[in-house]
Amino acid sequence: MTAPMDQRADPVGTPAAPDSTGSKVTRVLGIISLIGMALVIPLGLVWSPADGEQGDAVRLLYVHVPSAWLMYLSVIAVVVGGVMYLWKGSQFWDLVSEAGAEIGVLFCSTTLISGMLWGRPVWNAYWVWDARLTSTALLLVLLIGCVALRRTTVDLESRRRRSAWLGIALLPNAIIIHYAVDWWRGLHQTATIEPAGAEIQGLMLFTWALAGVVFMVIWCWMMIHRFRIAYLTEQRDVHGRSVALEERRAEALAVSTTTEIRADDTVAEDGGSHG
């Protein structure tokens, strides 16, 4: 059976193998997330003012923009995990990539859905074939492909290697998404917050910033949990295959022993009859 956390192929010193899906860190992050959401929800829905042009539709951006940030962060986790796995051969980095892909599907979907709901009152359409929207939809397909590849490939090493290469292929598309509004003319607005200054001020800016921080904490909580689940699932699968193999070997040995005993009995009976 594979050693915990693939110690045989992990020269960089992997952290201790998890034995459950939770930890002290996740409990603290979970509490912070709950408190943060208890503040963000009334701020976003009630206390912050409506926008002069977009009206109440601006409230969707408190979900849309943080989700887009975490979509990018998830892609970074997938790409870095894939590169590090191909370089170091470490199970740790492969699990980071796996966790990032699944969480990336969630936040990419949230980005698209919240964007569509925002686009209906602002653009008068849920969907347009804008460069950023189209490339984001393609990213979602690629992320789902990363998750599906891990479900359809049986061989562990082959699964890790193929998933790493597919994960790295997400990077060009993520770059296109980021610069799409600059490279092509479309309906999607440019960044609302720039280094030179923000288009929103006061309580709206505070709500946006707080939502971004809270969503980041939630992302960290989810990454740790998903990483630990992926590790435990992989260990269960490896252990299950090892047990099944040992059972088959035992069955084969029992059949072989039974056959030898019957052959010996047959020889003995033949010898007795000839005598």
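The coordinates are above.
The model shown is predicted, which means the values in this text are computed figures rather than measured ones.

Caption draft 1: Summary view of the pattern of salt bridges. Counted under the stated rule, the structure contains ten salt bridges. For R150, the salt bridge goes to D94, with nearest N and O atoms at 3.1 Å. Of this pair, R150 sits in helix α4 (residues 131-152) while D94 sits in helix α3 (residues 91-123), and the two are 56 residues apart along the sequence. Each member of the pair, R150 together with D94, is buried. Two residues, E234 and R159, come together in a salt bridge whose shortest N-O distance is 3.5 Å. Of this pair, E234 sits in helix α7 (residues 202-274) while R159 sits in helix α5 (residues 156-168), placing them 75 residues apart in sequence. Take E234 and R159: they sit in the same class, and that class is buried. Salt bridges sharing partners connect three or more residues here, namely D94, E98, E102, R150, R151, E157, R159, R160, R226 and E234.

Caption draft 2: Region of the structure containing the packing of aromatic side chains. Inspection of every chain in the model, using the stated rule, returns five aromatic pairs. Here the aromatic cluster, defined as three or more aromatic residues joined through ring pairs, consists of F92, W93 and F227. Lying over the aromatic face of W87, K88 brings its terminal NZ or CZ to 4.2 Å of the ring centre. The ring of Y126 is capped by R120, whose NZ or CZ atom sits 5.7 Å from the centre of that ring.

Caption draft 3: Here's a closer look at empty space enclosed by the protein. Applying the stated rule across the entire model yields one cavity of 30 Å³ or more. Size it by volume and the largest cavity reaches roughly 30 Å³. Contributing elements (two or more residues each) for the lining of the largest cavity: α3 and α4. For the lining of the largest cavity, the element with the most residues is α3, which contributes three residues. Among the residues making up the lining of the largest cavity, the classes are represented as three nonpolar, two polar and two charged.

Caption draft 4: Molecular detail of the packing of α3 against α4. Interhelical geometry of α3 versus α4 gives an angle of 150° and a closest axis separation of 9 Å. One finds that α3 runs roughly antiparallel with respect to α4. Handedness of the crossing formed by α3 with α4: left-handed. Seen from α3, the contacting residues are D94, S97, E98, A101, E102, G104, V105, C108, S109, L112 and W123; seen from α4, they are L133, T136, A137, L139, L140, L143, I144, C146, V147, R150 and R151.

Caption draft 5: How the structure looks around the nonpolar core. Residues F107, L139, L170, W219 and M223 are the most contacted members of the largest nonpolar core, which totals 36 residues. Broken down by secondary-structure element, the contributors of at least two residues to this core are α1 (24-47), α2 (61-88), α3, α4, α6 (170-183) and α7. Looking at this core, the element that brings in the most residues is α7, giving eleven residues. Setting aside residues no more than four positions away along its own chain, L170 makes contact with V75, V78, L139, L142, L143 and C146. By size, the runner-up hydrophobic cluster in this structure holds twelve residues, among which are L61, V128, I200 and W208.

Caption draft 6: Summary view of a nonpolar patch on the surface. Taken together, the side chains of I41, L45, V46, W47, L203 and F206 define a hydrophobic patch exposed on the protein surface, amounting to about 640 Å² of accessible area. Along the chain, F206 turns up in helix α7. A relative accessible area of 47% means that F206 is categorised as partly exposed.

Criteria and cut-off values
Residues numbered from 1 in each chain as written. Predicted model: local features only at pLDDT ≥ 70, side-chain atom pairs only at ≥ 80, totals over all residues. Heavy atoms only, no water. Salt bridge = Lys/Arg side-chain N within 4 Å of Asp/Glu carboxyl O. Helix = DSSP H or I, 4+ residues; strand = E, 2+ residues; numbered from the N terminus. Buried < 20%, exposed > 50% of the residue type's maximum accessible area, 1.4 Å probe, protein only. Phe/Tyr/Trp six-rings, centres within 6.5 Å; stacked < 30°, edge-to-face > 60°. Lys NZ or Arg CZ within 6 Å of the ring centre and 35° of its normal. 1 Å grid on protein atoms, 1.4 Å probe; cavity = no way out; pocket = protein on both sides within 12 Å on 5 of 7 lines; lining within 4 Å. Points joined across faces, edges and corners; volume = space filled by probe spheres on them. Nonpolar A, V, L, I, M, F, W, Y, C, P; charged D, E, K, R; others polar. Axes fitted to C-alpha atoms, helices over the stretch in contact; angles between N-to-C directions. Parallel < 35°, antiparallel > 145°, perpendicular 65-115°, else oblique. Left-handed = near helix turned anticlockwise from the far one by under 90°. Contact = heavy atoms within 4.5 Å. Core = buried A, V, L, I, M, F, W, Y, C linked by side-chain atoms within 4.5 Å. Patch = residues over 30% accessible without salt bridge, like charges linked within 9 Å, V, L, I, M, F, W, Y side chains within 5 Å. Areas by Shrake-Rupley, 256 points an atom, 1.4 Å probe, with all protein chains shown as cover.

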